[in-house]
Amino acid sequence: MKIKISILLLILCFAYQSIKAQQDKSPASNRECLSFDNGWRFYKGDVPFPVIKGHDMTYGSCKAGKAFGAAAPEFKDSSWRLLNLPHDWAVEGGFDKNENVSQGYRERGIGWYRKNFRLSAADKGKHIELQFGAVATHCTVWVNGTLVHRNWCGYTSFYIDITAIARYDNEENNIAIRVDANPQEGWWYEGAGIYRHTWLVKRSSLHIITDGIYANPVKENDNNWTIPVEASIENSGKKAAEVKLEVSLIDNNDKVLVQKNTSLLVNTLETNVARLSLQVSNPSLWSVDQPRLYRIKTQIKENDLLVDEVISNCAFRTIQFTPDSGFYLNDKRMKIKGVCNHIDHAGVGVAVPNSIWDFRIKKLKEMGVNACRSSHNPPSAEFLDACDRLGMLVMDENRNFNVSPEYIRQLEWLVRRDRNHPSVILWSVFNEEPMQGSESGYEMVRRMSAVVKKLDTTRPVTAAQSYGQFNPLNVSDAVDVVGFNYQQESYDKYHKAHPEKCLTSSEDVSGLMQRGQYVTDKSSHLLDEYDTQCPSWGSTHRTGWKNIAERPFIAGCFIWTGFDYRGEPTPYGWPTVSSNFGILDMCGFPKSSFYLHQAQWLENKPVLHLIPHWNWPKDSIGKNIKVMILTNAEKVKLFLNGKLLFEKAVDKYEMLTENVAFQPGKLEAVGYSAGKEVSRFKVETTGEPESLQLIPDRNYILNDGNDAIPVTVQCVDAKGRTVPTANIPVEFEISGAGNIIGLGNGDPNSHEAEKGNKRSLFNGLAQVIVQSKAGETATLTITARAKGLKPAIINILIKQ
């Protein structure tokens, strides 16, 4: 009897320890989200499928797992190029006048990607999913010889459940993707290839689905908030499961502020939605100046054992659009000072590293921007994460205006993926559609709006409408906030006719300029930087902002565009290969409109800037040079070589422009407000270039193999002054654990390669983008050389 009891006690003890061990497992043991970016084989061009003839071949071609050609697992791809994602093959090629102007005169075409990977025996029974951030443009995906997905949009993510066909242990899995970048969804550069991140996700068979958490706080009254939580739970196992859902709100100090749980039954091969609410009092609010984030930890347990966990960001903020006084964030009126942006950057095309999104958003915030419109497509998840962290509002835009099932699915995906982001304040269902002024357009938007509202009732729906608002029944009758693309002359008329409607500019200005150019010369495709040029539909920056600022009922603006981009080379065309609309060039170097908007938008920081440079040839001595003073000071004194030229009041919209007879030396402006000096800025006549200079955006890089840093390249004279007129070729060398992944200089007329190790300065500046190699720690050394100049060498610390 004693022996039986002892054995029983041992069994119970072992069972307890076994259960305790499972409970103590880290969440990572239940869910793994692994980068799938590395080790792909790539072939530029198509690989034709064999012609199917005969009964046996035809019979086999109709079966799962029997793909032919480059889609077959056994296809020999060892001669293909080995690369890591994200990847844009279009930016790697040269320019061709015969290619599409909208795509920046770049060839796109067709390409293939293949990869082999293994799953351990321990993964069997788990839910296995492949995730793709985006592929430009259409693609077909095979896994282990079975066609598993076709994608019809170059901006939407897709998730592929491969659980049923996955191979384990010593058997290799194969994925093959044929990308067709010939179809175009936009009239701008779209790139080509798998240009966003990819992931291999392993989860318990009982798990929270991708994009399956919805937890967006809602203010009830005073300082009391509710977080309605929805969790979509899938059971791909063989038995029904009783699930316990536990949701916690966690602050930045890892303190659990509130926790709640509920239970539900999830049948096999079904998805069920669990719902509960968290009550919160006096949380810290998220704003553009203080973007405070919390975390929602969602756990599901079976028999008290943790089987899956998702941690997502969460923030407390309120938004409101009103018909008479515009936009409010956290019950405080805020003028939206926004820009529209496409998704490409110098050197890297649309395959933008995460850190470059941070760099771009920080540049915009430096200008005073508080909102971005994702024109005209869903942005990357990494971009939205950065907007949440850094404090940038977002108009989140759908790509395809269509109410057929596939495109409704794309819209639903957009809302599901992005509805937890506090940065998102508007859903935009289209941009400038021909049916926008018609009843058909109204009916389509009415349906699309209903789709959005089923998934998110906390944000209004808009559409970027370029005409038709005054037609009897049109898109503006189906949206919550009426969007005006341009049409600034119609603001007052529409507001008078519809005083109950909320209005915003959804796109405006389209001012044209090139960094460092001060004369417009159509024959040379040059545009001056004095804010004098715009297309017929647009306006200058000064006029555009004045129209917005003086109308309280307009929520704000979204200027076209924050950054230059490839394609749309208005107003010229070939050999100009990129746009001139940007406030910053394609590298993120500011044009004069950057400082103009700083002066208009930064309320608590003194701003003063002068254009042009003061490096003019000797035959310009005594001739008038147009000088523009950009400042938020009330008055400015201008001195030339210490002599006072004038003291004048500044128009807060138009700024101050005067002619000054050129004399070499120093031109200096001093700004005054309330009778006190508040700012000072100078431009000087420099000497000849003597040495190069490299300025990294930061002095370290992470060794994860993804982190990237833009490095500014410039040259200075003997006194260390930047030479703004230098246009000299520079060659780069990199040593250590890193690579050069792109080069640029912001010149819209340049046809120099964006890959390699050579780039010319354009009006004094160029950019080289370097990326770390995974796992290595040391120092990254970059050297820049130019004929006749002292080289520049910098060391960048590599951190774990």
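Residues numbered from 1 in each chain as written. Predicted model: local features only at pLDDT ≥ 70, side-chain atom pairs only at ≥ 80, totals over all residues. Heavy atoms only, no water.

1. Here's the deal with the packing of aromatic side chains
Aromatic rings in a pair are described by how distant their centres are and how their planes are angled relative to each other.
Next up, step 1: With the rule as written, the count across this model stands at 28 aromatic pairs.
Next up, step 2: Centroid distance W614 to F662: 5.1 Å. Interplanar angle 65 degrees. Geometry classified as edge-to-face. Here the residue W614 occupies a position in the loop between β30 (608-611) and β31 (624-631), and F662 occupies one in the loop between β34 (656-661) and β35 (666-673), the gap between them amounting to 48 residues.
Next up, step 3: In textbook terms, an aromatic cluster arises when at least three aromatic residues are bridged by ring pairs, as seen for F36, W40, F42, W89, Y113, F117, F132 and F158.
Next up, step 4: Between R106 and the ring centre of F95, over which it is positioned, the NZ or CZ distance is 4.0 Å.
Next up, step 5: Sitting above the plane of the Y700 ring, R698 keeps its charged end 5.1 Å from the centroid. (Phe/Tyr/Trp six-rings, centres within 6.5 Å; stacked < 30°, edge-to-face > 60°. Helix = DSSP H or I, 4+ residues; strand = E, 2+ residues; numbered from the N terminus. Lys NZ or Arg CZ within 6 Å of the ring centre and 35° of its normal.)

2. Comments concerning the sheet that holds strand β28 (residues 502-509)
To summarise the sheet geometry, strands pair through backbone hydrogen bonds and adopt either a parallel or an antiparallel arrangement.
Next up, step 1: Reading around the circumference, β22-β23-β24-β25-β26-β27-β28-β29 is the order of the 8 strands in this closed barrel, with parallel pairing throughout. Mean inter-strand twist for the sheet, computed between neighbouring axes without regard to direction, equals 25 degrees.
Next up, step 2: Alignment of strand β22 (residues 336-341) against strand β23 (residues 371-374), held across 4 bridges, turns out to be parallel. Paired with G338 across the strands is A371, a residue of β23.
Next up, step 3: Across the sheet, helix α4 (residues 381-390) is in contact with β23, β24 (393-397) and β25 (424-431); its angle to β24 comes to roughly 155 degrees. (Pairing = 2+ DSSP bridges. Axes fitted to C-alpha atoms, helices over the stretch in contact; angles between N-to-C directions. Contact = heavy atoms within 4.5 Å.)

3. Here's the deal with the layout of surface pockets
Empty space left among the atoms is revealed by rolling a probe the size of a water molecule over them.
Next up, step 1: A volume near 1,300 Å³ is recorded for the largest pocket.
Next up, step 2: Together, 37 residues line the largest pocket, and C33, D211, I311, A381 and D385 are the ones closest to its centre.
Next up, step 3: Contributing elements (two or more residues each) for the lining of the largest pocket: β5 (127-132), β10 (198-203), β11 (206-215), β18 (305-314), α3 (354-367), α4 and α5 (405-418). (1 Å grid on protein atoms, 1.4 Å probe; cavity = no way out; pocket = protein on both sides within 12 Å on 5 of 7 lines; lining within 4 Å. Points joined across faces, edges and corners; volume = space filled by probe spheres on them.)

4. A short note on the sheet that holds strand β36 (residues 676-684)
Next up, step 1: Spatial strand order, β33-β32-β35-β36: 4 strands in an open sheet with antiparallel pairing. Each end of this open sheet is capped by a strand with a single partner; those strands are β33 (643-649) and β36. Across this sheet, the average inter-strand angle for adjacent strands is 20 degrees, counted without regard to direction.
Next up, step 2: Both β35 and β36 contribute to a ladder of 8 bridges, which runs antiparallel. Each residue of the ladder has a partner; that of A669, found in β36, is F681.

5. Observations regarding the confidence of the model for the protein chain
Next up, step 1: When pLDDT is averaged across the protein chain, the result is 95; 96% of the residues are at 70 or more.
Next up, step 2: Long-range and interchain partners of residues 1-29, a stretch whose pLDDT sits below 50, account for 7 contacts in this model, where long-range means more than four residues apart. (pLDDT = per-residue confidence, 0-100.)

6. Description of the nonpolar core
Generally speaking, a soluble globular protein has its nonpolar side chains buried in company with each other.
Next up, step 1: Residues Y113, I175, I177 and F327 are the most contacted members of the largest nonpolar core, which totals 127 residues.
Next up, step 2: By residue number, the principal contributor to this core is helix α6 (residues 439-455), which donates 7 residues.
Next up, step 3: Other than its neighbours up to four places away in sequence, I175 contacts F36, W40, Y113, R114, K115, F117, L130, F132, V141, W142 and V143. (Core = buried A, V, L, I, M, F, W, Y, C linked by side-chain atoms within 4.5 Å. Buried < 20%, exposed > 50% of the residue type's maximum accessible area, 1.4 Å probe, protein only.)

7. Concerning the environment of S248
Next up, step 1: In this structure, S248 sits in strand β14 (residues 241-250).
Next up, step 2: In this structure the C-alpha to C-alpha distance between S248 and D717, which are 469 residues apart in sequence, comes to 59 Å.
Next up, step 3: Of the polar contacts made by the side chain of S248, one reaches the side chain of Q259; its length is 2.8 Å. (Polar contact = N/O pair within 3.5 Å; in protein donor to acceptor, adjacent residues only side chain to side chain.)

8. Notes on the side chain of E185
Next up, step 1: Tracing the backbone through its elements, the reader meets E185 in the loop between β9 (172-180) and β10.
Next up, step 2: Although E185 lies buried, it forms no salt bridge, and the closest oppositely charged side chain, R399, sits 5.6 Å away as judged by the N-O distance.
Next up, step 3: Here G154 takes part through its backbone nitrogen, which lies 2.6 Å from a polar atom of the side chain of E185.
Next up, step 4: With residues near it in sequence (within four places) discarded, E185 still touches T137, W152, C153, G154, Y155, E190, R399 and N400. (Lys, Arg positive; Asp, Glu negative; His and termini not counted. Salt bridge = Lys/Arg side-chain N within 4 Å of Asp/Glu carboxyl O.)

9. So, the pairing of strand β43 (residues 766-772)
Next up, step 1: For β43, the tally of buried residues reaches 7 of 7 residues, placing the bulk of the element in the interior.
Next up, step 2: Burial of β43 is two-sided: the residues A766, V768, V770 and S772 facing one way and the residues Q767, I769 and Q771 facing the other way are all buried.
Next up, step 3: As judged from the 6 bridges shared by strand β39 (residues 708-716) and β43, these two strands associate in the antiparallel manner. In the sheet register, A708 faces β43, and the bridge partner there is Q771.
Next up, step 4: Both strand β41 (residues 738-744) and β43 contribute to a ladder of 6 bridges, which runs antiparallel. In the strand pairing of β43, N739 is matched with Q771.

10. Considerations on the pattern of salt bridges
Next up, step 1: Under the criterion given, the structure shown has 44 salt bridges.
Next up, step 2: For D77, the salt bridge goes to R114, with nearest N and O atoms at 2.8 Å. Placement of the pair is D77 in the loop between α2 (55-61) and β3 (81-83) and R114 in strand β4 (residues 110-118), with a sequence separation of 37 residues.
Next up, step 3: Taking relative accessible area as the criterion, D77 reaches 13% and is therefore assigned buried.
Next up, step 4: Given the relative accessible area of 0%, R114 is considered buried.
Next up, step 5: For D418, the salt bridge is made with R417, and the minimal N-O distance between the two is 2.5 Å.
Next up, step 6: Within this structure, E32, D123, K126 and K202 form a network of salt bridges that share partners.

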